[in-house]
Amino acid sequence: VGSSTLSSGNTGKYHVPGMAFDDNLDTEWHAQCSPCAAEEAWLGVTVASVVRCVRWLQAPVLSGSGVRSVIFNIGGVELAKAPGLQGGRWEGLQYAAAAGGWQRIC
């Protein structure tokens, strides 16, 4: 993530957002809330360049835990949403102007 600014909706000793972006699949960020209300737990990345693809890897979603959707916002405006996620594999969003904007990739 380089010189990007990281933020999250929940922080604490085991909840720093850098744990999600440290290139180490053995570390993780997780929310302090459990269960969490919709959009209560979030991670943010502020970048200074153009973003054309966003990918994430999360643990499999079990009943009552894990993220089920990812919302891509810029300046508080929702640009794309990937709902119904199950985790356990790489998932993401990619920008394709010819296809009408942000598209889900798996």
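What counts, and at which threshold
- Throughout this document, residue positions are counted from 1 along each chain, in the order its sequence is written.
- Local features in a predicted model are, by the rule used here, given only for residues with pLDDT of at least 70; side-chain atom pairs are given and counted only at 80 or more, and totals for whole chains, interfaces and linings are based on all residues.
- Values reported for side chains reflect all heavy atoms of the structure, with hydrogen atoms and water molecules removed beforehand.
- Helix and strand definitions here come from DSSP, where helices need a minimum of 4 consecutive H or I residues and strands a minimum of 2 consecutive E residues; each element is numbered from the N-terminal end.
- Relative accessible area decides the class of each residue, using a 1.4 Å probe on protein chains only: under 20% of the type maximum gives buried, over 50% gives exposed, and in between gives partly exposed.
- Any two residues whose heavy atoms approach within 4.5 Å are treated as being in contact.
- Nine residue types can take part in a nonpolar core, namely buried Ala, Val, Leu, Ile, Met, Phe, Trp, Tyr and Cys, and a core is a set of them joined through side-chain atoms within 4.5 Å.
- Two aromatic rings, drawn from Phe, Tyr or Trp (for Trp, its six-membered ring), form a pair once their centres lie within 6.5 Å of each other, and the interplanar angle then sorts them: stacked below 30 degrees, edge-to-face above 60, tilted otherwise.
- Two strands form a pair only when DSSP identifies at least two bridges running between them.
- Only the contacting stretch of a helix is used when fitting its axis, a line to C-alpha atoms as for every element, and angles between N-to-C directions run 0 to 180 degrees.

> Help me out: how do you make sense of the overall build of the protein chain in this one?
On a plain count of helices and strands, the protein chain comes out with 0 helices and 7 strands. The buried share of the protein chain, taken over its 106 residues, is 20%. A separation of at least 24 residues holds for 42% of the contacts in the protein chain among residues at least 6 apart in sequence.

> Where do I start with the nonpolar core in this structure?
For soluble globular proteins, nonpolar side chains are generally found buried alongside one another. Membership of the largest hydrophobic core is limited to 7 residues, which are Trp56, Phe72, Ala80, Ala82, Leu85, Leu93 and Trp102. Apart from residues lying up to four places away in sequence, tryptophan 56 is in contact with Val70, Ala82, Leu85, Arg89, Trp90, Glu91, Gly92 and Leu93.

> Help me understand the packing of aromatic side chains in this model?
The description of an aromatic ring pair uses the distance of the two centres, along with the angle that the planes make with each other. This structure, assessed with the given rule, holds 1 aromatic pair. Geometrically, the ring pair formed by tyrosine 95 and tryptophan 102 is edge-to-face, given 5.5 Å between the ring centres and 65° between the ring planes. By relative accessible area, which is 40% here, tyrosine 95 ends up partly exposed. A residue is classified by how much of its surface remains accessible, and tryptophan 102, at 17% relative accessible area, is buried.

> What should I look at first to understand the sheet that holds strand β3 (residues 53-57) in this one?
Whether parallel or antiparallel, the strands of a sheet pair through hydrogen bonds between backbone atoms. Spatially, the 3 strands line up as an open sheet ordered β3-β6-β7, and their pairing is antiparallel. Edge positions in the open sheet fall to β3 and β7 (101-105), since each of these has one partner strand only. Each strand of the sheet is rotated relative to its neighbour by a mean of 15°, with strand direction disregarded. Sheet topology places strand β6 (residues 90-96) next to β7; 5 bridges connect them, and they run antiparallel. Paired with glycine 92 across the bridge in β7 is isoleucine 105.

> Just to check I follow, could you spell out unusual backbone geometry for this structure?
A negative phi angle is the norm for most residues apart from glycine, just as the trans form is the norm for most peptide bonds. For aspartate 23, which is not a glycine, the phi torsion comes out positive at approximately 60°. Relative to the assigned elements, aspartate 23 resides in the loop between β1 (5-8) and β2 (43-46).

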